[in-house]
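Architecture and fold: a report
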Amino acid sequence: MEKSGLCHFSMYRKQLKITCLLGILLPMLWLMGCDGTPWNSPYPVGDTDAMILYSSFEERPKHLDPVRSYVSNEYAFIGQIYEPPLQYHFLKRPYALEPATAVEAPKPAFFDRDGKRLPDDTPSEQIAVSEYLIRIKTGIRYQPHPAFAQDAAGDYHYHQLTPADLEKINVLGDFAETGSRELTAEDYVYQIKRIAFPKLHSPIASLMQDYILGFEPFGETVSEAYRKLKEETGEEEAFLDLRNFSLEGVELVDRYSYRIRLQGKYPQFVYWLAMPFFAPMPWEADRFYTQPGLTERNITLNWYPVGTGPYMLSENNPNLRMVLERNPNFHEDFYPAEGNPGQAEQGLLDDAGKRVPFIDKAIYSLEKETIPYWNKFLQGYYDNSGISSDSFDQAVQFSDQGEAELTEGMSTKGIRLSTAVRTSIWYLGFNMADPVVGGDSERARLLRRAISIAVDFEEYIAIFANGRGVVAQGMLPPGIHGHKPGLAGVNPYVYRVVDGKAVRRDVEEARQLMVRAGYPDGRDKESGKSLVLYYDTAASGPDSKAQLNWMRKQYAKLGIQLVIRATDFNRFQDKMRKGTEQIFMWGWNADYPDPENFLFMLYGPHSKIDNNGENAANYKNPEYDALFEQMKDMDNGPERQAIIDQMMEILRRDAPWSWGYFPKAFSLHHAWYKNSIPNLMADNTLKYKRIDPQLRAEKRQAWNQPVLWPVITLLVILLISLIPAYVMFRRSERSSAI
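Residues numbered from 1 in each chain as written. Predicted model: local features only at pLDDT ≥ 70, side-chain atom pairs only at ≥ 80, totals over all residues. Heavy atoms only, no water.

Quick notes on the sheet that holds strand S9 (residues 311–317)
Rule in force here: At least two bridges found by DSSP between two strands is the condition for calling them paired. Labels follow the DSSP assignment, with helices taken as runs of H or I lasting at least four residues and strands as runs of E lasting at least two, numbered in each case from the N terminus. The axes used here are C-alpha line fits, helices contributing only the stretch in contact, and every angle between their N-to-C directions lies in the interval 0 to 180 degrees.
Taken in spatial order, the four strands of this open sheet run S1-S11-S10-S9, and their pairing is mixed. Unpaired on one side and paired on the other, strand S1 (52–57) and S9 mark the two borders of the sheet. Looking at each pair of strands side by side, their axes are set apart by 20 degrees on average, direction ignored. Pairing of strand S10 (residues 321–326) with strand S11 (residues 361–366), which is carried by five bridges, proceeds in the antiparallel orientation. Among the inter-strand pairings, valine 323 is bridged to a residue of S11, identified as isoleucine 363.

Regarding unusual backbone geometry
Cut-off, in case you're wondering: Exposure is judged per residue with a 1.4 Å probe applied to protein chains only, and the accessible area is read against the type maximum: over 50% gives exposed, under 20% gives buried, and values in between give partly exposed.
Along the chain, arginine 93 connects to proline 94 via a cis peptide bond; the corresponding omega equals 0 degrees. Within the chain, asparagine 618 stands out as a residue other than glycine whose phi angle is a positive 55 degrees. Checked against the element boundaries, asparagine 618 lands in the loop between helix H17 (608–611) and helix H18 (622–631). Phi at alanine 655 is positive, roughly 50 degrees, even though this residue is not glycine. Structurally, the position occupied by alanine 655 is in the loop between helix H19 (638–654) and strand S23 (657–669). Residue alanine 655 is classed as buried on the basis of its relative accessible area, which comes to 4%.

A word on the pattern of salt bridges
Put simply, the rule is: Each reported salt bridge corresponds to a side-chain nitrogen of Lys or Arg within 4 Å of a carboxyl oxygen of Asp or Glu.
Enumeration according to the criterion identifies 37 salt bridges in this entry. Across the pair arginine 504 and aspartate 456 runs a salt bridge whose closest N-O atoms are separated by 3.7 Å. Of this pair, arginine 504 sits in strand S19 (residues 501–504) while aspartate 456 sits in the loop between helix H11 (442–454) and helix H12 (457–464), and the two are 48 residues apart along the sequence. Relative accessible area serves as the criterion here: at 15%, arginine 504 is assigned to the buried category. The salt bridge involving arginine 640 is made with aspartate 594; its shortest N-O contact spans 3.0 Å. One end of the pair, arginine 640, is in helix H19; the other, aspartate 594, is in the loop between strand S22 (583–589) and helix H16 (596–599), and 46 residues separate them in sequence. Each of the two residues, arginine 640 as well as aspartate 594, counts as buried. One salt-bridge network, in which partners are shared between bridges, spans Glu131, Glu251, Arg259 and Arg261.

Observations concerning the pairing of strand S8 (residues 257–263)
Across the seven residues that make up S8, a large majority, five, are buried. Pairing of strand S6 (residues 129–135) with S8, which is carried by seven bridges, proceeds in the antiparallel orientation. Note on S8: the bridge partner recorded for valine 129 is glutamine 263. Note that strand S7 (residues 250–254) and S8 share four bridges and pair antiparallel. Among the inter-strand pairings, glutamate 251 is bridged to a residue of S8, identified as arginine 259.

Some remarks on the side chain of serine 365
Its location among the elements puts serine 365 in strand S11. A residue is classified by how much of its surface remains accessible, and serine 365, at 17% relative accessible area, is buried.

Digging into the packing of helix H3 (residues 185–196) against helix H5 (residues 215–233)
Definition in use: Roughly parallel means an angle under 35 degrees; roughly antiparallel, over 145; roughly perpendicular, 65 to 115; everything else is oblique. Whether two residues touch is decided by their heavy atoms; if any such pair falls within 4.5 Å, the residues are in contact. Gly falls in the polar group here, along with every residue not listed as nonpolar (Ala, Val, Leu, Ile, Met, Phe, Trp, Tyr, Cys, Pro) or charged (Asp, Glu, Lys, Arg).
Close contact between H3 and H5 brings their axes to 9 Å; oriented N to C, the two are set at 80 degrees. On the basis of their axis angle, the class for H3 and H5 is roughly perpendicular. Contacts between H3 and H5 involve Lys193, Ile195 and Ala196 from the former and Phe215, Phe218 and Gly219 from the latter. Grouping the constituent residues of the contact of H3 with H5 by class yields four nonpolar, one polar and one charged.

A word on H3
Put simply, the test is: Multiplying 1.5 Å by the residue count of a helix minus one yields the expected span of that helix.
In this model, H3 (twelve residues) spans 17 Å end to end at C-alpha, consistent with the 16 Å of a helix rising 1.5 Å per residue. All buried positions along H3 are accounted for by Ala185, Asp187, Tyr188, Val189, Tyr190, Gln191, Ile192, Lys193, Arg194, Ile195 and Ala196.

Structure, rendered in structure tokens:
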């Protein structure tokens, strides 16, 4: 009895401790909920009412140096930090350029070979040089940065770092002093020289050397100078001051002006002036980051950018989060005062004329898995979200008219849907150098047209893209000059107009084309053998199996036996370069919103086989090429449109592509996320976004109410379970007393 009583007493003490602990925890949890912060909030209590944007990223940006960066996940950051001279208007569609740091968008002046000024309407073939004079605004200053820190005598604090100086330096913020200075035209000149410096491997260097005068000789000169400098210093990384070298096509005019001179006429050059490649780079930053010992600490331009934009990167921890904070030195900039019709009614002009940026900080957390990210978005812990395939049906439904709209569950939460057709295309290409599907014979042309009808991209979009796409009638997506919307832009070789709508031609019509091509029922009329075609792809694995089976079925409609040749991406690219593929799926995303950036993909001299160009179909048509050369240097207008119409008719007739579809971007945002409009060209739109933190806090609290009943139930059970133990304990005490 005595031993048993001790056991029951021990049990009682344990249960009593648990009960007491719960009694302490419950009031604590209750108090935590009383401060307006949900119990499961991943953010500090003090940030509840702050003007902070919460978003995410999937993988670490590799290059944050604007001379190297050319990837969208990198532009999401550097677009907010660096300021090229031009930018895209936030609201206007079609996309329109406007000044950023420039006083105005530059207009080219044209000159002949003798340096004589030519009229603006001079034919392209007579223009030897195009000249762009760019004037920048005064008073723009760089973000605080150690590279600019100076002492009273004007000497730089951190341009002669020693190993001792770096002993306690691990991140950029460990430098005690920072400074700033005014943006000058020389900074833009310096960056263009960096593009031409072969050591930096700029991805646009090969293109720019075709246009900027003296670009290639400059690269050779500085490369040789850099080689000698490294030999003299014995350092692996040495600072070569590019200010000491002249680049023929780039001239510093004065403190706030610089001139760029191009070979011939290249009207698309102004679009490059809106890209980070042409953002300013202060020589001080270049000098600072090339010092020994900093690269080992990841203190480089690829890790810590320095710019004049509205934000600066205050934290770069790619395994956890990246943080953009407001640049305290940012110059005056304002939300657009005008936009397209209907945008005022959508609330997109509520902030017209107000100074930007609105958001003080943007925190991007690493999220590698889509489900956790999606759940946090639904809880209100992320302000906006894309839509993965796994969550698409939960978020979006299609009306009877085929329009995407939110499900009731999303609408009830006040979530909003934004859609926009991307300035890109996915297409089914035919290798025009192939003896069966290629060439300009009527037989091959009819075969390509038949396949174009049979491959049902409406079905493809519905099944594999969750409806996120628009069937292409040609190669120019909406928003690009030359695109014709509605019935005016229908491809008559693949579609018919029925009751005012474009309807894909019946498969029976495709079969008749096969007969005319000499392949009745998919058999060669002369040999009687089945027509076997080859589809080359880098898609493989179980996720791609359904798509590849679908593609086989499309060709089977015509009696064609389709053989899938799947390889890894490197092997696939090698096939494309050598022209050993037959039929393939390929895509293109515009660098700038000009028809030339699409139509050049079928320009003969850009053939993949001959010149490793972007003409992956290896299409060659002298008539098309001549029209392209005429069109590419023209300004947008009726004359250019007429030439584009001729080019599109040639392409639709020859069918080097089955036109595929234009992908459609779907994004979601909460009601407190303001000024959300897709802009697929601009990379600097964070400054226009605004948050209503009070509404966000209210919604988070409402959506994240604690579920207390399991805890209360457990507490009751524990209390009840104490009764037998207590009774036994009392009995034990009485027994001991007796």
